[in-house]
Amino acid sequence: MDKRFARRMLGVLGICALLLSVSAPAGAGPGPVTVDSLGPASAVTSTSVAEQVGDRIWTVTSGVSPIQVGAFDPVTRTVDRKLTLPTGAGAWAMTHLGTDLYVGLYTPGDLYRIDTVSGEATKVARFGSFIWSIAATPDGKVVAGTYPDGAVHEYDPATGATRTYGAAVAGEQYVRSIAADATTIYAGVGTKAHLIAIDRVTGERRDVLPPAYADRTFVATLSLSGTKLAAGLSPTGTMLVFDTTDLSDPVEVQTPGGDQYVTAITIDGPTGDVYLGTRPSGTLYRYSGSTLERLGSPYDGAYFNRIFVDGPTVRAELTSQVVEYDAGTGTFTGTDLGQAGLPPAPEQAMGIAATATSVLVSGKAGIQVHDLASGTSTRTFLPGEAKTLTPVGRDVYLGVYTLARLWSMKPDGSGLDEFGRIGHEQTRPTDATYDARSRTWLISTEPDYGKYDGTLTEQHLDTGRLEVHRGVVPQQSVRSVATHEGVAYLGGATRNSLGTEPILPEATIVAFDQRRNRRLWEVAPLSGAQSYSDVVVYRGRLYATTDDGRLAVLDPRTGRVLADAVIGTGQSTLTIARSGLFGTDSKRVFQVVPRRSGPPAVTTVVDGLGAQIYGFPLITTSHTGDALYTIKGRDLVRIGNLPRQK
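Attention here is on the structure that accompanies the text. Keep in mind that what you see is a predicted model, and the values were worked out from it rather than measured.

1. Overview of the pattern of salt bridges
Part 1 of the argument: Overall, the coordinates contain 28 salt bridges when judged by the stated rule.
Part 2 of the argument: Note that Glu-154 and Arg-200 form a salt bridge whose closest N and O atoms lie 3.5 Å from each other. Of this pair, Glu-154 sits in strand β14 (residues 151–155) while Arg-200 sits in the loop between β18 (194–199) and β19 (205–207), and the two are 46 residues apart along the sequence. The residues Glu-154 and Arg-200 share a single accessibility class, namely buried.
Part 3 of the argument: A salt bridge links Arg-315 to Glu-324; the nearest nitrogen and oxygen atoms lie 3.1 Å apart.
Part 4 of the argument: With relative accessibility at 26%, the residue Glu-324 sits in the partly exposed group.
Part 5 of the argument: Each of Asp-55, Arg-56, Asp-73 and Asp-80 takes part in one network of salt bridges that share partners.

2. Examining the pairing of strand β28 (residues 306–310)
Part 1 of the argument: In this sheet, strand β29 (residues 313–317) lies alongside β28 in antiparallel orientation, the contact comprising five bridges. Looking at the pairing, Asp-310 lines up with Thr-313 of β29.
Part 2 of the argument: Counted along the chain from β28 to the antiparallel partner β29, the turn is two residues long, and its residue Gly-311 has a positive phi close to 60°.

3. A look at the environment of Phe-582
Part 1 of the argument: Considering the arrangement of structural elements, one finds Phe-582 in strand β54 (residues 580–584).
Part 2 of the argument: In this structure, the C-alpha to C-alpha distance between Phe-582 and Leu-628, residues 46 residues apart in sequence, is 8.7 Å.
Part 3 of the argument: For Phe-582, the contacting residues outside a window of four places in its chain are Thr-573, Leu-574, Thr-575, Ala-577, Phe-590, Gln-591, Val-605, Leu-628, Leu-642 and Pro-643.

4. Some details on the pairing of strand β39 (residues 405–409)
Part 1 of the argument: Most of β39 sits out of view: five of its five residues are buried.
Part 2 of the argument: Covered by surrounding structure in β39 are Arg-405, Trp-407 and Met-409 together with Leu-406 and Ser-408, the residues of both alternating faces.
Part 3 of the argument: Following strand β38 (residues 395–401), the chain reverses through three residues before pairing antiparallel with β39; Leu-403 in that reversal takes a positive phi of roughly 70°.
Part 4 of the argument: As paired elements, β39 and strand β40 (residues 417–421) share four bridges and run antiparallel to each other.

5. Thoughts on the sheet that holds β38
Part 1 of the argument: Spatial ordering of the open sheet is given by β37-β38-β39-β40, a layout of four strands whose pairing is antiparallel. The open sheet terminates on both sides in strands that have one partner only, identified here as β37 (385–392) and β40. Geometrically, the sheet is characterised by an average inter-axis angle of 25° between neighbouring strands, direction not taken into account.
Part 2 of the argument: Bridging between β37 and β38 involves seven bridges; their strand directions are antiparallel. Paired with Thr-390 across the bridge in β38 is Tyr-397.

6. Quick look at the sheet that holds strand β27 (residues 291–296)
Part 1 of the argument: Read from one edge to the other, the open sheet built from four strands follows the order β24-β25-β26-β27, with strand pairing classed as antiparallel. The sheet is open, and its two borders are formed by β24 (261–267) and β27, each paired with just one other strand. For this sheet, the mean inter-axis angle between neighbouring strands, taken without regard to orientation, is 25°.
Part 2 of the argument: Sheet topology note: the β24/strand β25 (residues 274–279) ladder contains six bridges and is antiparallel. The residue bridging Ala-264 from the neighbouring strand is Gly-277, located in β25.

7. Observations concerning the side chain of Ser-444
Part 1 of the argument: Structurally, Ser-444 can be placed in strand β42 (residues 440–447).
Part 2 of the argument: The class for Ser-444 is buried, based on a relative accessible area of 0%.
Part 3 of the argument: Of note is the side chain of Ser-444, whose polar atom sits 2.7 Å from the side chain of Thr-430.
Part 4 of the argument: With residues near it in sequence (within four places) discarded, Ser-444 still touches Arg-428, Pro-429, Thr-430, Asp-431, Thr-455, Val-478, Arg-479, Ser-480 and Val-481.

Reading the values: rules and limits
Every residue gets a number counted from 1 within its own chain, in the order that chain's sequence is written. Given that this is a predicted model, residues contribute local features only at a pLDDT of at least 70 and side-chain atom pairs are listed and counted only at 80 or more, while totals for whole chains, interfaces and linings are drawn from all residues. Note: side-chain values were computed over all heavy atoms of the structure, leaving out hydrogens and water. The salt bridge definition used is simple: a Lys or Arg side-chain nitrogen within 4 Å of an Asp or Glu carboxyl oxygen. Here a strand is any run of E in DSSP of at least two residues, a helix any run of H or I of at least four, and the numbering for each starts at the N terminus. Each residue's exposure class comes from its accessible area (1.4 Å probe, protein chains only) as a fraction of the maximum for that residue type: buried when under 20%, exposed when over 50%, partly exposed otherwise. Strand pairing is assigned whenever DSSP detects at least two bridges linking the two strands. Two residues form a contact once any of their heavy atoms are found within 4.5 Å. Angles shown run from 0 to 180 degrees and are taken between the N-to-C directions of axes, each axis being a line fitted to C-alpha atoms and, for helices, limited to the stretch in contact. What qualifies as a polar contact is a pair of N or O atoms within 3.5 Å, subject to a donor-acceptor requirement within protein and to the restriction that residues adjacent in sequence count only when both atoms come from side chains.

What follows is the structure, given as structure tokens:
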């Protein structure tokens, strides 16, 4: 949430805050509330997987509806065949058998067969809610790895029968990668890394990942050719090369330069060379014999989804491009898939902020910049997902997933610059705010898969100094942050990260002295709350919302609960405008009006939003404080003529 206007309002209220907290019910403005659509909030061509069938590279969009499947012709550099799938939010998995393409989806985990000759798409199976990985077997079957059951499944196209092998590792939720030969399925597991070899007949399994790599989070990438099996490990950017006739002694290949992920691996069958792409640098390597050779990078932060080797020609499918590597010059030639014929479509927005000249909406691999003067929008590419956007003066600061990277840009989308990373095993920024008095940008974070303890991070914009306070909300990730008079207020979440089980029975809120770096108090204000999705200081009181639709009002000096109320059934995000305190739960926009005693009044301002967002409810206040911006469906809307709080 953009809390800059909230800070400005609090500065005006000053020492009268407590007196002003007692108010009459909200009154309507001069005329009805207005709702104006500004068009699609964020539109993108974003892909996560690709597969080559014949002379076409097939890919599929993610995060947009409906899903678009397209065939890219490397000769004409156009997407010359397209079709839509009626279910699913996106895809991470593809393979093929002959001319039949198989696509594994998420939400739900439908498996589709696409006849690439006729273009006909048929749903042939469903494996839970999320298919992470699929592979073809030599005898013409398809195996799949799923989340959150961490299971392995098989589909037989000849009979339509399915088989479930069950969880690869008891207690683990992810089979992120999969490969198979005539006798064995190889399942790459996380959040505690395992490589499980499953006998295809008996279902018997064994973990073949050497104990030295047990501290990794994922075996995230697998490629198999003949008896050579290559596995990419996170978060160390390590590749292991196995001989499947003797899995006991793999060769370790460590990528240089601090890369943490091997996102794509392809083994060139004729030569035995292994090609791999890494993140966050976006580098393509070739491992030949015992030598790792850096081939180059198409751009900083490139995400390799799939690498294709055809004799001397090496191509790769990225987030929104297909690139071709020229071995003679060591350079890449890229084709944007949107321009090639797979046009951008409205996606599920992830973050929102308003500046004096623009409204910014983040999504997959970019930020949509809505120009308030012209009424048009453009897109700025970002190698990652901006989970938080914080306007400060003439800049906007971004907390970017993955790797909890810190970026800045101008309100018009120019000047994009990465200037830091939080580190400390953190990967997902969850909220951010700005303390104008100390010129400090505050970011809350969730740790990497399978890890514990989030952080409050203080990025001092005047000196560049970075302070990371891990575990400041004990045994939790940090879901939300607000700041007032040198104190940071932090909302915890019992689930530390994906793939972990809660340690505590309920979440807490912490007050943290920013100057002395110490906790002032910690409370669990609402029984059974698992996460505090937002916190904000308004008129001398601390308001906190829970993920199950409750609101707590606290004394910010002591943490004492002053009141509580039910405001909905799910997560809510709050923002302060000139006329009062507002929020959204993605279904409606509401106003919270303090009372002299007892719980605050909560009234609906706009209903029927049906916001299709990725993550937490999105709302922000205009630069002048007289309007709100939020999401309706997949459109950005401006809500004006707000009701006044008397």
